Amino acid sequence: YSQSIAETGGAAALTYSISAGSLPAGLSLSSAGAITGTPTGPNATANFTVKVTDSSAAGAQSATQALSITINLPPAPTITTTSLPAGVEGTAYNQTLAGTCGLGPCTWSKSAGSLPAGLSLSSAGVITGTPTGPNGTSNFTVSFADGSNPTQTATQALTITINLPPAPTITTTSLPAGVEGTAYNQTLAGTCGLG
């Protein structure tokens, strides 16, 4: 924020000050009449009085003016992820949630429900882990909170479906005959979806 106080009249050097009230948090008034800084909130209207004093040789003269500055909240965060892909039991899962952050830092969290067993959500919005099952759909809500004062939060309901891995198969379809009194040794063959 940067604004200069305008004046007319006065003799020699002019000096500005706040004679009543206060500026919004984070802003300050220089003796040259410039209001500068970065508002820290909360969002509200600050009422104050500016005083300007000259350097007249016949005696300092001054004038005052009541002013106000309204501080608005920044754009609220938004979540753009509306769906998540399914996962497979026993297979690593990695998905990053997407959103826009008005005033950082913005952080993610789970505000309701539960993720599939084996998965977790980081504050950076990354869902990782290895689903342990059982297969099914988990319903949960994520929150995306910004750094404004007061905090603004966006929420989004999401689901993740965990599917079973490929089923095991047996590829052995026949076995050789054995002979009475003779050692027999054959290994069955198959594919294992999840060991």
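Residues numbered from 1 in each chain as written. Predicted model: local features only at pLDDT ≥ 70, side-chain atom pairs only at ≥ 80, totals over all residues. Heavy atoms only, no water.

(A) Seen up close, a nonpolar patch on the surface. A cluster of nonpolar residues, Leu-175, Tyr-184 and Leu-188, forms a patch on the protein surface that exposes about 340 Å² of accessible area. Relative to the assigned elements, Leu-188 resides in the loop between β16 (169–170) and β17 (190–191). A relative accessible area of 62% places Leu-188 in the exposed class. (Patch = residues over 30% accessible without salt bridge, like charges linked within 9 Å, V, L, I, M, F, W, Y side chains within 5 Å. Areas by Shrake-Rupley, 256 points an atom, 1.4 Å probe, with all protein chains shown as cover. Salt bridge = Lys/Arg side-chain N within 4 Å of Asp/Glu carboxyl O. Helix = DSSP H or I, 4+ residues; strand = E, 2+ residues; numbered from the N terminus. Buried < 20%, exposed > 50% of the residue type's maximum accessible area, 1.4 Å probe, protein only.)

(B) Inspection of the environment of Pro-77 at higher detail. Its place among the elements puts Pro-77 in the loop between β6 (62–71) and β7 (78–79). When near neighbours in sequence (up to four residues on either side) are disregarded, Pro-77 contacts Thr-100, Cys-101, Gly-102, Phe-144, Asp-146, Gln-152, Thr-153 and Ala-154. (Contact = heavy atoms within 4.5 Å.)

(C) Structural view of the state of the cysteines. What the rule picks out here adds up to one disulfide. For Cys-101, the disulfide goes to Cys-106, at an S-S distance of 1.9 Å. Across the S-S bond of Cys-101 and Cys-106 the torsion is about 80°, and the bridge reads as right-handed. (Disulfide = S-S within 2.5 Å.)

(D) Geometry of the environment of Ser-62. Within the secondary structure, Ser-62 is located in strand β6. For Ser-62, a relative accessible area of 45% corresponds to the partly exposed category. C-alpha of Ser-62 to C-alpha of Ala-6: the two residues are 56 residues apart in sequence and 14 Å apart in space. Setting aside anything within four residues of it in sequence, one finds Ser-62 in contact with Lys-51, Val-52 and Thr-53.

(E) A look at the environment of Lys-110. Checked against the element boundaries, Lys-110 lands in strand β11 (residues 107–113). Each C-alpha atom, one on Lys-110 and one on Val-179, is 65 Å from the other, the two residues being 69 residues apart in sequence. Sequence-distant contacts of Lys-110, that is, excluding residues within four places in its chain, are made with Leu-115, Leu-121, Phe-140, Thr-141 and Val-142. Within the structure, Lys-110 has its side chain in polar contact with the backbone oxygen of Gly-113 (distance 3.0 Å). (Polar contact = N/O pair within 3.5 Å; in protein donor to acceptor, adjacent residues only side chain to side chain.)

(F) Representation of the sheet that holds strand β9 (residues 93–96). Taking strand neighbours across the sheet as the criterion, the three strands line up as β9-β13-β12 in an open arrangement whose pairing is antiparallel. Looking at strand neighbours, the two that pair on one side only are β9 and β12 (119–121), the edges of this open sheet. Averaged over all neighbouring strand pairs, the angle between strand axes comes to 15°, with direction disregarded. Pairing of β12 with strand β13 (residues 126–129), which is carried by three bridges, proceeds in the antiparallel orientation. When the bridges of β13 are listed, Ser-120 appears paired with Thr-128. (Pairing = 2+ DSSP bridges. Axes fitted to C-alpha atoms, helices over the stretch in contact; angles between N-to-C directions.)

(G) Molecular detail of the pairing of strand β14 (residues 136–145). With six bridges connecting them, β11 and β14 associate as antiparallel partners. Within the sheet, the bridge partner assigned to Lys-110 lies in β14 and is Val-142. Bridge count between β14 and strand β15 (residues 153–163): 10 bridges; the pairing is antiparallel. From the neighbouring strand, Asn-139 faces β15, where its bridge partner is Thr-159.

(H) Representation of unusual backbone geometry within the structure. Following Gly-104, the chain continues to Pro-105 via a peptide bond in cis, the omega torsion being -5°. Tracing the backbone shows Pro-105 in the loop between β10 (99–100) and β11. Note that the residue after Asn-149, namely Pro-150, is joined by a cis bond; omega there is 5°. By the secondary structure assignment, Pro-150 is in the loop between β14 and β15.

(I) How the structure looks around the packing of aromatic side chains. By the definition in use, this model includes one aromatic pair. Ring geometry for Trp-108 and Phe-144: centres 4.1 Å apart, planes at 20°, overall stacked. Within this pair, whereas Trp-108 is found in strand β11, its partner Phe-144 is found in strand β14, the two being separated by 36 residues in sequence. Phe-144 gets classed as buried once you look at its relative accessible area, which sits at 5%. (Phe/Tyr/Trp six-rings, centres within 6.5 Å; stacked < 30°, edge-to-face > 60°.)

By themselves these figures say nothing about function.
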